[in-house]
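# Examination of the molecular architecture
Letter by letter, the chains look like this.
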Amino acid sequence: MWWASGPQTWQGASGLGDLAAKRPARAGDRFRIGSVTKSFVATLALQLVGEDKLGLDDHLERWLPGLVPNGDRITVRQLLNHTSGLYDYTDDLPEPPRPFQPRQLVAIATGHRPLFAPGTRFSYSNTNYILAGLIIERVTGQRLATQLQQRIVGPLDLGDTELPVTEQALASPYIHGYAPRDQDWRVTDGPAGLVDVTEMDPSWAWAAGAMVSTTADLAHFYQALLSGQLLDPEQLQAMQTTVDASQQFGHGVRYGLGLTLLRPGCATELWGHGGALAGYRTTAFSTKDGDRQLVATTNLQPEPDPYAAQAAVDNLLRRQVSC
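What comes next is a walk through the structure.

Scoring rules and cut-offs
- Position numbers for residues count from 1 along each chain, tracking the sequence in the order it is written.
- Where local features are concerned, this predicted model is filtered to residues with pLDDT of at least 70; where side-chain atom pairs are given and counted, the filter is 80 or more; whole-chain, interface and lining totals use all residues.
- Only hydrogens and water are removed before side-chain values are computed, so all heavy atoms of the structure are retained for them.
- Numbering of helices and strands starts at the N terminus; helices are DSSP runs of H or I of at least 4 residues and strands are runs of E of at least 2.
- The quantity called the radius of gyration is restricted to C-alpha atoms. Its globule counterpart is 2.2 Å times the number of residues to the power 0.38.
- When charges are counted, Lys and Arg contribute as positive and Asp and Glu as negative, whereas His and the chain ends are disregarded.
- For this purpose, a charge sits on NZ of Lys, CZ of Arg, CG of Asp or CD of Glu.
- Only the stretch in contact is used when fitting a helix axis, every axis being a line fitted to C-alpha atoms; angles between N-to-C directions are given from 0 to 180 degrees.
- When an angle is under 35 degrees it counts as roughly parallel; over 145 it counts as roughly antiparallel; between 65 and 115 it counts as roughly perpendicular; any other value is oblique.
- Crossing handedness is read from the near helix: turned anticlockwise from the far helix by less than a right angle, it gives a left-handed crossing, and turned clockwise, a right-handed one.
- Any pair of residues with heavy atoms lying within 4.5 Å of one another is described as a contacting pair.
- All amino acids are sorted into three groups, where Ala, Val, Leu, Ile, Met, Phe, Trp, Tyr, Cys and Pro are nonpolar, Asp, Glu, Lys and Arg are charged, and the leftover types, Gly among them, are polar.
- Whether two strands pair comes down to DSSP finding at least two bridges between them.
- In this analysis, the expected span of each helix is defined as 1.5 Å times one less than the number of residues it contains.
- Between buried and exposed lies partly exposed: a residue is buried under 20% and exposed over 50% of the maximum accessible area for its type, with that area taken using a 1.4 Å probe on protein chains only.
- The reported arc concerns the directions from the helix axis to the C-beta atoms and nothing else.
- The salt bridge definition used is simple: a Lys or Arg side-chain nitrogen within 4 Å of an Asp or Glu carboxyl oxygen.

### Quick notes on the overall build of the protein
Of the regular secondary structure elements, the protein holds 11 helices and 14 strands. Relative to its length of 323 residues, the protein is compact, with a C-alpha radius of gyration of 19 Å against a globular reference of 20 Å. If you average the places of the 26 positive and of the 33 negative side-chain charges in the protein, the two averages end up 2 Å apart.

Next comes the structure, spelled out in structure tokens:
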């Protein structure tokens, strides 16, 4: 976990990072960040918008002709804020996931009817960010991982952050991720029944959730983003223009372009993202000025009580912003 309040920061870890070796978790361990990846990808897309290489109101058909039915009605903005209506391919992903090319993931999604007309509702869909990644590659002529390194990871010196493409193992030091073998597992069972799922082919998540990072790197990224180091004011304002996401994520939750907005109380706004995939759950939120931050990860996913860890994080956030 990473906590920051003004110049004061705290970083720590608890529990085991490797059950087999009985090694404690370390504060600087790397982990899979899941959908926190979306904040990075949206930032990159908005940098291209600021350079007049891409438009938020460009239609999908302009950049990826013929890939998605009715792509002439879906805009880049609607991809980034999940109002495209496209089916989420992860709801129909084969088990266990095999290596995929991004267009194969899109094909899974387009094999299902759209959920609604573009721009009329919010529905979180990983398909949107696979398409955003493909658009970025089309606009720049380079791989998404290369652009992330050149535009964000490198300039911010995020030395433990990367977008793996096909690499299954994590570079050391890292925290192992675990998942229950079946639904009967309980915390009181201890390590029995847990499977080490650290090594996986990340291609099925790609631009929607395949990045690896640390709590310190994520804190640095969001502080730089929210303080205007990565985007011009116009693009940051666009990123923080939100739609109602409360029906899916709970009362008061709104979603911008790759950013979730929480309002825990006292008119405080918290900006960031959560991420979950097999073995890992991550929460990363900052105040709007980046002055106060919380980044936390657990290495058990799915959890027997899927709301326990998140509830603890929510309680900590509320205490820190209470009147």
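### Topic: the packing of helix H1 (residues 37–50) against helix H5 (residues 126–140)
Interhelical geometry of H1 versus H5 gives an angle of 40° and a closest axis separation of 10 Å. With respect to their mutual orientation, H1 and H5 come out oblique. The crossing of H1 and H5 is left-handed. Only Asn126, Tyr129, Ala132, Ile136, Val139 and Thr140 of H5 make contact with H1, whose side of the interface consists of Lys38, Val41, Ala42, Leu44, Ala45 and Leu48. Along the lines of polarity and charge, the residues of the contact of H1 with H5 split into 9 nonpolar, 2 polar and 1 charged.

### Side note on the pairing of strand S11 (residues 260–265)
As defined by bridge partners, strand S10 (residues 254–255) adjoins S11 across 2 bridges and the pair is classed as antiparallel. Bridge assignment links Tyr255 to a residue of S11, and that residue is Thr260. Once S10 ends, the chain turns through 4 residues before running back antiparallel as S11, passing Gly258 with a positive phi of about 75°. Where S11 and strand S12 (residues 268–277) come together, 4 bridges link them in antiparallel fashion. Each residue of the ladder has a partner; that of Gly265, found in S12, is Thr268.

### Here's the deal with the packing of H1 against helix H8 (residues 215–226)
Packing of H1 against H8 brings their axes to within 12 Å, and their N-to-C directions diverge by 35°. Handedness of the crossing formed by H1 with H8: left-handed. In this structure, H1 uses Ser39, Phe40 and Thr43 to contact H8, whose residues at the interface are Leu218, Phe221, Tyr222 and Leu225.

### Structural notes on H5
Taking 1.5 Å of rise per residue, the 15 residues of H5 would be expected to cover 21 Å, and the 22 Å separating its terminal C-alpha atoms lies within 8% of that figure. Within H5, 12 of the 15 residues are buried, which leaves the element mostly enclosed by the surrounding structure. Taken together, the buried positions of H5 are Asn126, Thr127, Asn128, Tyr129, Ile130, Leu131, Ala132, Gly133, Leu134, Ile135, Ile136 and Val139. With its phi angle positive at about 75°, Gly141 sits one or two positions after the end of H5.

### Re the sheet that holds strand S2 (residues 8–11)
Strand pairing in a sheet relies on backbone hydrogen bonds. The paired strands run either parallel or antiparallel. What the 8 strands build is an open sheet, ordered S2-S1-S14-S13-S12-S11-S10-S9; its pairing is antiparallel. In this open sheet, the two edge strands, each paired with only one partner strand, are S2 and strand S9 (243–244). Of the strand pairs in this sheet, S9 and S10 are connected by 2 bridges, and their pairing is antiparallel. By the bridge assignment, Asp244 is partnered in S10 with Arg254.

### With respect to helix H4 (residues 102–110)
Within H4, the full set of buried residues consists of Pro102, Leu105, Val106, Ile108 and Ala109. Relative to the axis of H4, the buried residues are bounded by an arc of 155° and lie together on one face. In the core, the buried residues of H4 are packed alongside H5 and helix H7 (206–209).

### Some remarks on the pattern of salt bridges
According to the stated counting rule, one finds 10 salt bridges in the structure shown. With a closest N to O distance of 2.8 Å, Glu51 and Arg151 form a salt bridge. With Glu51 in the loop between H1 and helix H2 (60–63) and Arg151 in helix H6 (residues 144–153), this residue pair connects regions lying 100 residues apart in the sequence. Under the relative-accessibility criterion, Arg151 is labelled buried at 18%. Linked through salt bridges whose partners overlap, the residues forming this network are Arg23, Arg26 and Asp29.

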